[in-house]
Amino acid sequence: GDSVTQMEGPVTLSEEAFLTINCTYTATGYPSLFWYVQYPGEGLQLLLKATKADDKGSNKGFEATYRKETTSFHLEKGSVQVSDSAVYFCALSLMNYGGSQGNLIFGKGTKLSVKP
Amino acid sequence: NAGVTQTPKFQVLKTGQSMTLQCAQDMNHNSMYWYRQDPGMGLRLIYYSASEGTTDKGEVPNGYNVSRLNKREFSLRLESAAPSQTSVYFCASKIQGATYTDTQYFGPGTRLTVL
């Protein structure tokens, strides 16, 4: 079935380090892809998204490129800050999934801790 | 705009008790969702409502019921709570059910413990 696989965490980095969180997907159609971020004690908020192959989503220094050939949507940031400490979720949305368009399928999440 | 609001923020129940989690959005969105978040499991869809007047089961609907009271409000009811329902519950909304590229907006969550 349709699914999202993320690298397992936790990931611990020093401030200003380079970040990559891997995300791959399996989908029967052509999904839209999303990264959501969850700060401690809060709900999820959209970080970035891409709706078709080769699109690049970007926000707050984070980037991810929709790679159809490798079915991937890896999240990257060149220089992380302590304030980026959070849980990051990769998700996909398919047309006609479960009888209703637009439902999200989530990966299990990757916890990032950034140390000063 | 308050966005998506949820009440209560925290709740402790005893096994067999019932309760209703409330969710409201003020963004004039058509679609609304209930998820549960468990450690190491990501978010799993319980029920959704693509538009006012319709509700459908998601991945893990057993033990829950929902009501789409109007366009703004979507409640989740536990009729007889079980310890397996200990979780964090998130409500979300989206502008239009028929568009799979749109963003879902999440509430702050309800942390439920069933003893």
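All residue numbers refer to position in the chain's written sequence, counted from 1. All chains are assigned letters beginning at A, and all ligands numbers beginning at 1, according to the order in which they are written. Local features in this predicted model are restricted to residues whose pLDDT is 70 or higher, and side-chain atom pairs enter the listing and the counts only when it is 80 or higher, whereas totals over whole chains, interfaces and linings include all residues. Excluded from the side-chain calculation are hydrogens and water; included are all heavy atoms of the structure.

## Some remarks on the overall build of chain B
Part 1 of the reasoning: Each helix is a run of DSSP H or I of at least 4 residues and each strand a run of E of at least 2, with the numbering of both proceeding from the N terminus. On a plain count of helices and strands, chain B comes out with zero helices and 11 strands.
Part 2 of the reasoning: The order of helices and strands in chain B, counted from the N terminus, is β-β-β-β-β-β-β-β-β-β-β.
Part 3 of the reasoning: On the principal axes, the C-alpha backbone points of chain B span a range of 40 × 25 × 25 Å.
Part 4 of the reasoning: For chain B, the proportion of its 115 residues judged to be buried stands at 49%.
Part 5 of the reasoning: Two residues qualify as a contact provided that any one of their heavy atoms is within 4.5 Å of a heavy atom in the partner residue. Pairs at least 24 apart in sequence give 56% of the contacts found in chain B among residues at least 6 apart. Exposure is judged per residue with a 1.4 Å probe applied to protein chains only, and the accessible area is read against the type maximum: over 50% gives exposed, under 20% gives buried, and values in between give partly exposed.

## Overview of the overall build of chain A
Part 1 of the reasoning: Of regular secondary structure, chain A possesses zero helices and 12 strands.
Part 2 of the reasoning: Secondary structure elements of chain A occur, N-terminal to C-terminal, as β-β-β-β-β-β-β-β-β-β-β-β.
Part 3 of the reasoning: Expected size for 116 residues packed as a compact globule is a radius of gyration near 13 Å; at 14 Å, chain A falls within 12% of this value.
Part 4 of the reasoning: Projected onto its principal axes, the C-alpha positions of chain A cover 45 × 30 × 20 Å.
Part 5 of the reasoning: Expressed as a percentage of contacts within chain A between residues at least 6 apart in sequence, the contacts between residues at least 24 apart total 56%.
Part 6 of the reasoning: If you sum the accessible surface of chain A, you get close to 5,500 Å²; carbon and sulfur atoms cover 47% of it.
Part 7 of the reasoning: Positive: Lys, Arg. Negative: Asp, Glu. His and the chain ends are not part of the count. Note on charges: their place is set at NZ of Lys, CZ of Arg, CG of Asp or CD of Glu. Taking the average location of the 10 positive side-chain charges in chain A and that of its 11 negative ones, the two points are 3 Å from each other. Put simply, the radius of gyration uses C-alpha atoms, and a globule should come to 2.2 Å times the residue count raised to 0.38. Here the open area of atoms and residues is found with the Shrake-Rupley method and a 1.4 Å probe, where only the protein chains shown may cover a residue.

## Remarks on the nonpolar core
All names here are of chain A.
Part 1 of the reasoning: The biggest cluster of nonpolar side chains holds 28 residues, and the ones touching the most others in it are W35, L47, L48, F73, L75 and Y88.
Part 2 of the reasoning: Among the secondary structure elements, those contributing two or more residues to this core are β2 (11-14), β3 (19-21), β4 (23-26), β5 (32-38), β6 (44-50), β8 (62-65), β10 (86-93) and β12 (110-115).
Part 3 of the reasoning: In terms of residue count, β10 provides more of this core than any other element does, four residues in total. In plain words, nonpolar cores are sets of buried Ala, Val, Leu, Ile, Met, Phe, Trp, Tyr and Cys residues tied together by side-chain atoms within 4.5 Å.

## As for the pattern of salt bridges
Residues and elements named next belong to chain B.
Part 1 of the reasoning: The term salt bridge refers to a side-chain nitrogen of Lys or Arg lying within 4 Å of a carboxyl oxygen of Asp or Glu. Under the defined criterion, the tally for this structure stands at six salt bridges over all chains.
Part 2 of the reasoning: Salt-bridge contacts for D38 lead to R36; the nearest nitrogen and oxygen are separated by 2.9 Å.
Part 3 of the reasoning: With a relative accessible area of 11%, D38 lands in the buried category.
Part 4 of the reasoning: R36 sits in the buried class, given a relative accessible area of 9%.
Part 5 of the reasoning: The shortest N-O distance in the salt bridge between R44 and D38 comes to 2.8 Å. D38 carries the same exposure label as R44, and that label is buried.

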